[in-house]
Amino acid sequence: MTTIGSYQVKVQLQSAGEQLAVLSPATEEEMQNDWTFNWSSLWQRTDFDCQNIVKLVDSGQVWGLVRYGLYPYPGTPRFLEIEQLEANPTSRGERTDRLLVPIGKWLIWYSTKVGLQYCSGSANDPLIGLVSLASAVAYYRDVIQMEYLDAVTIAPGEDGYAFRFLRTAAATFCQRHEREWGIPTLLES
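About the thresholds
- Residues numbered from 1 in each chain as written.
- Predicted model: local features only at pLDDT ≥ 70, side-chain atom pairs only at ≥ 80, totals over all residues.
- Heavy atoms only, no water.
- Salt bridge = Lys/Arg side-chain N within 4 Å of Asp/Glu carboxyl O.
- Helix = DSSP H or I, 4+ residues; strand = E, 2+ residues; numbered from the N terminus.
- Buried < 20%, exposed > 50% of the residue type's maximum accessible area, 1.4 Å probe, protein only.
- Axes fitted to C-alpha atoms, helices over the stretch in contact; angles between N-to-C directions.
- Parallel < 35°, antiparallel > 145°, perpendicular 65-115°, else oblique.
- Left-handed = near helix turned anticlockwise from the far one by under 90°.
- Contact = heavy atoms within 4.5 Å.
- Nonpolar A, V, L, I, M, F, W, Y, C, P; charged D, E, K, R; others polar.

**Structural notes on the pattern of salt bridges**
By the definition in use, this model includes seven salt bridges. Glu 180 is the salt-bridge partner of Lys 105, the closest N and O atoms lying 3.5 Å from each other. In this pair, Lys 105 sits in helix α2 (residues 104-118) while Glu 180 sits in helix α4 (residues 167-181), placing the two residues 75 residues apart along the sequence. For Lys 105, a relative accessible area of 16% gives the class buried.

**Some details on the environment of Ala 138**
Among the secondary structure elements, Ala 138 is positioned in helix α3 (residues 137-143). Along the sequence, Ala 138 and Leu 149 sit 11 residues apart, while their C-alpha atoms lie 13 Å from each other.

**Digging into the packing of α2 against α4**
Helices that pack against each other are described as a pair by the angle of their axes relative to one another and the distance between those axes. One can describe the packing of α2 onto α4 by two numbers: an axis separation of 10 Å at closest approach and a directional angle of 135°. Relative to α4, the element α2 is oriented oblique. Taken as a pair, α2 and α4 cross one another with a handedness that is left-handed. Of the residues in α4, those in contact with Lys 105, Trp 106, Ile 108, Trp 109, Thr 112, Lys 113, Gly 115 and Leu 116 of α2 are Arg 167, Ala 170, Ala 171, Phe 173, Cys 174, His 177, Glu 178, Glu 180 and Trp 181. Considered class by class, the residues forming the contact of α2 with α4 number nine nonpolar, three polar and five charged.

**Quick notes on the side chain of Lys 55**
Tracing the sequence through the fold places Lys 55 in strand β3 (residues 51-58). Taking relative accessible area as the criterion, Lys 55 reaches 10% and is therefore assigned buried. Those residues in contact with Lys 55 that lie beyond four places of it in its chain are Val 22, Leu 23, Ser 24, Pro 25, Ala 26, Glu 30, Val 62, Gly 64, Leu 65 and Leu 107.

What follows is the structure in structure tokens.
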């Protein structure tokens, strides 16, 4: 399993203000069945030799999940692909303010730290990649500040949009996020 451990991170809960949440590897029992994506099915298809699913939990509730993989596999990893990321539907902010922030940023921070630790390459090599749906393009481009590459086909008739971080941009993202939200505390196993 490709992990960097479990971390305590600062989040902002709409009703309670700033508090601490936990970023850590997920378990099969924590896979969500009532979200947009079928996480239970994804768990069954995950190769934990090169992939992992990480959760963001606050007060016992899962607020976000991300699945990432290190490639090429087998071999020496050179890049990390964020394969699926989803925030709890009650906190997506489509109609109201998000109940808890930041969800996606912490999940991307964790994935990016895994890539920085496990992947080899130089400063200007691609490190992190993902394919976004049209509804999330502005988030990855403007909020996360990933480099937009091109439109790609996800499945017949379904368009996606490819983004990446070069190694230096990935490190910059992590530093910027830590300045805004604080440096996470590594939890003992």
